[in-house]
Amino acid sequence: KQEVTQIPAALSVPEGENLVLNCSFTDSAIYNLQWFRQDPGKGLTSLLLIQSSQREQTSGRLNASLDKSSGRSTLYIAASQPGDSATYLCAVIGGNAGNMLTFGGGTRLMVKP
Amino acid sequence: GAVVSQHPSWVICKSGTSVKIECRSLDFQATTMFWYRQFPKQSLMLMATSNEGSKATYEQGVEKDKFLINHASLTLSTLTVTSAHPEDSSFYICSARRTLASGYTFGSGTRLTVV
């Protein structure tokens, strides 16, 4: 059974810092991995999708890496802003036909002005 | 990009009544949709997989008679919480994806409060 762990569970930083959020998973047989952002009381917004054959994806100030062999992914946020404050969720996609989405517990990020 | 619309965004109902939540894929067809439940400050818990034209697959511990799922078309899945009780109060979210290689898109969620 796939297990996904996110570290740290919570993070509070001053504006401008570069951040690394960590995600680890136990079963390396995955289709792909997706990072999401969730604001309080809202749905999930997809940030980055990394296919199993890829090692990283970039979008603006965000960069996500994937190392399947070690069961790790990191989300790098450059020059953090107060608007980045949210919960970040890592989801590993696997199972039959990639229909199984396993979430980590999330990292609650607070960026202080 | 793929868009999933969920309605309503919030609902308050009396104990004992039923509530229907809709999940629509707006610009793609989804033979499979997923329903999640989320408690405060916790991650998402998969409740069931909704399959177009066939019965939903429920996760262990989820009462299929309490949470009725209907996926009558390629763009619409509904979750009905029957005979709702205060303990059913939660945040319900649906998701779908356009293709096997695409990521998952989530609806905006429905906050259900049973009083």
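Above this text sits the structure in question.
Residues numbered from 1 in each chain as written. Chains lettered and ligands numbered in written order. Predicted model: local features only at pLDDT ≥ 70, side-chain atom pairs only at ≥ 80, totals over all residues. Heavy atoms only, no water.

Enquirer: Please give an account of the interface of chain B and chain A that cites residues and values.
Expert: Facing 18 residues of chain B, the contacting portion of chain A comprises 22 residues. Between chain B and chain A, roughly 1,400 Å² of surface is buried when both sides are summed, and carbon and sulfur atoms account for 54% of that area. When the buried area of chain B at its contact with chain A is split by residue, B:Ser43, B:Tyr104 and B:Phe106 rank highest and sum to 33% of it. Where chain B packs against chain A, one counts zero salt bridges. Linking chain B to chain A there are five residue pairs in polar contact (both at pLDDT 80 or more). For the side of chain B that touches chain A, the elements supplying multiple residues, two or more each, are strand 4 (32–38), strand 9 (90–97) and strand 10 (104–106) of chain B. (Contact = heavy atoms within 4.5 Å. Buried area = accessible area lost by both parts, 1.4 Å probe. Salt bridge = Lys/Arg side-chain N within 4 Å of Asp/Glu carboxyl O. Polar contact = N/O pair within 3.5 Å; in protein donor to acceptor, adjacent residues only side chain to side chain. Helix = DSSP H or I, 4+ residues; strand = E, 2+ residues; numbered from the N terminus.)

Enquirer: Before we move on, could you go through the state of the cysteines and cite the residues and values that matter?
Expert: For the structure on display, the rule yields two disulfides over all chains. Two residues share a disulfide in this structure: A:Cys23 and A:Cys90, whose sulfurs sit 2.0 Å from each other. The chirality of the disulfide connecting A:Cys23 with A:Cys90 is left-handed, given an S-S dihedral of about -55°. Of this pair, A:Cys23 sits in strand 3 (residues 19–25) while A:Cys90 is found in strand 9 (residues 86–94), placing the two residues 67 residues apart along the sequence. Note on A:Cys90: relative accessible area 0%, which makes it buried. The disulfide bridge from B:Cys23 ends at B:Cys94, spanning 2.0 Å between sulfur atoms. Linking B:Cys23 and B:Cys94, the disulfide has an S-S dihedral of approximately 85° and is accordingly described as right-handed. In this pair, B:Cys23 is assigned in strand 3 (residues 19–25) and B:Cys94 in strand 9, connecting sequence segments 71 residues apart. As far as burial versus exposure is concerned, B:Cys23 and B:Cys94 are alike and both buried. Not engaged in a disulfide, the cysteine B:Cys13 finds its nearest cysteine sulfur in B:Cys94; these two sulfurs lie 18 Å apart. Given a relative accessible area of 9%, B:Cys13 falls into the buried group. (Disulfide = S-S within 2.5 Å. Buried < 20%, exposed > 50% of the residue type's maximum accessible area, 1.4 Å probe, protein only.)

Enquirer: Describe a nonpolar patch on the surface, listing the residues and the values that go with them.
Expert: Residues and elements named next belong to chain B. The grouping of Trp-10, Ile-12 and Val-115 at the surface amounts to a nonpolar patch, some 370 Å² of accessible area in total. You can see Trp-10 is positioned in strand 2 (residues 10–13). On the basis of relative accessible area, Trp-10 is assigned to the exposed category, the value being 59%. (Patch = residues over 30% accessible without salt bridge, like charges linked within 9 Å, V, L, I, M, F, W, Y side chains within 5 Å. Areas by Shrake-Rupley, 256 points an atom, 1.4 Å probe, with all protein chains shown as cover.)

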